[in-house]
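Residue-level listing of the chains:
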Amino acid sequence: MTRRLLLGAALLAVIALTGCASMGVEPWERDLLARPAMALNDDPIALALDEHIYFSKEASTGGLGFGGGGCGCN
Amino acid sequence: MKRLLLAALALLVAAPLLASEPSPEQRIGLPEHAGEVVYVDFWASWCPPCKEALPWLHALQKDLGEQGFTLITVNMDRDRAAADAFLEKIGATDVTMVHDPDGAIATAFGLEALPTSFVYGRDGDLRFKHEGFSVKDAESIADELDELLAEPREEAR
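First things first, this report covers the structure right here in the doc. (Residues numbered from 1 in each chain as written. Chains lettered and ligands numbered in written order. Predicted model: local features only at pLDDT ≥ 70, side-chain atom pairs only at ≥ 80, totals over all residues. Heavy atoms only, no water.)

1. Brief notes about the pattern of salt bridges
Residue and element names in this part refer to chain B.
Line of reasoning, step 1. Considering all chains together, one arrives at five salt bridges over all chains under this definition.
Line of reasoning, step 2. Notably, a salt bridge pairs D84 with R80, separated by 3.5 Å at the nearest N-O pair. Of this pair, D84 and R80 both sit in helix α4 (residues 80–89), four residues apart, roughly one helical turn.
Line of reasoning, step 3. Residue class for R80 comes out partly exposed when judged on its relative accessible area of 37%.
Line of reasoning, step 4. With a closest N to O distance of 3.6 Å, D123 and R127 form a salt bridge.
Line of reasoning, step 5. The class for D123 is partly exposed, based on a relative accessible area of 22%.
Line of reasoning, step 6. Through salt bridges that share partners, D123, R127 and E151 make up one connected network. (Salt bridge = Lys/Arg side-chain N within 4 Å of Asp/Glu carboxyl O. Helix = DSSP H or I, 4+ residues; strand = E, 2+ residues; numbered from the N terminus. Buried < 20%, exposed > 50% of the residue type's maximum accessible area, 1.4 Å probe, protein only.)

The following block contains the structure:
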């Protein structure tokens, strides 16, 4: 019984491993990833503004860190 | 029976011819430039450092062409029109370009990054390989090229 279980586990592990067989995008396939829209932060100024508003509004719960008293004056 | 035998024989003779695919160097036309310093540049129009390198390479071709410098570019864009548009934009439509959208040549060259360049000496041997490009590298690459161009042409095989 344990032997069969072990065999099953080994089989599962092998199957799971084959999932990693064709990982990775070739350098010449990165054209879509290179588009500006694919960037995590495609507009740094807008992001900074959003984060400032978030930080000021949520300061009573700690905002993005832990200081501040919720006055919105940061 | 005789005809069958003949056909089999013909197949035997033709098989090696059919099987021998051109080498990656042949596919980009490298053998045609024996005795020259050949700079093979893999690039794509969506790759910022590649776009930085190309105007510089184009200028090199103009400056060093008479000394035996040849630039062969391999473009990796899916759509050739994008590559042509970029070359037109920088005024480098005279650059030799091989289109390799499915990466067959790149795979054969073992490409791991874009841009990557392979520099062949006058003897046809691979002498330098560069991955990535920054304007800071331009000077050292130019020095390498000067060194290769200074080698005598007679040594060419």
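2. With respect to the pairing of strand β1 (residues 37–43) of chain B
A regular strand places its side chains on the two faces of the sheet in alternate fashion.
All names here are of chain B.
Line of reasoning, step 1. Most of β1 sits inside the fold, with seven of its seven residues counted as buried.
Line of reasoning, step 2. Across seven bridges, the pairing between β1 and strand β2 (residues 69–75) is parallel. Looking at β2, one finds that D41 is bridged to T73.
Line of reasoning, step 3. The handedness of the β1 to β2 crossover, carried by helix α3 (residues 48–64), is right-handed.
Line of reasoning, step 4. In the sheet, β1 pairs with strand β4 (residues 116–120) via five bridges, with the strands oriented antiparallel. (Pairing = 2+ DSSP bridges. Right-handed = clockwise from strand over helix to strand, strands pointing away.)

3. Things to note about the sheet that holds β1 of chain B
All names here are of chain B.
Line of reasoning, step 1. Spatial strand order, β3-β2-β1-β4-β5: five strands in an open sheet with mixed pairing. If you trace the sheet from one side to the other, it starts and ends with β3 (96–99) and β5 (126–131), each paired once. Strand-to-strand twist across the sheet, computed as the mean angle between neighbouring axes with direction ignored, equals 20 degrees.
Line of reasoning, step 2. Taken together, the five bridges between β4 and β5 define a ladder with antiparallel strand orientation. Of the residues in β5, the one forming a bridge with T116 is E131.
Line of reasoning, step 3. In the packing of α4 onto the sheet, the strands contacted are β1, β2 and β3, and the crossing angle to β3 comes to about 165 degrees. (Axes fitted to C-alpha atoms, helices over the stretch in contact; angles between N-to-C directions. Contact = heavy atoms within 4.5 Å.)

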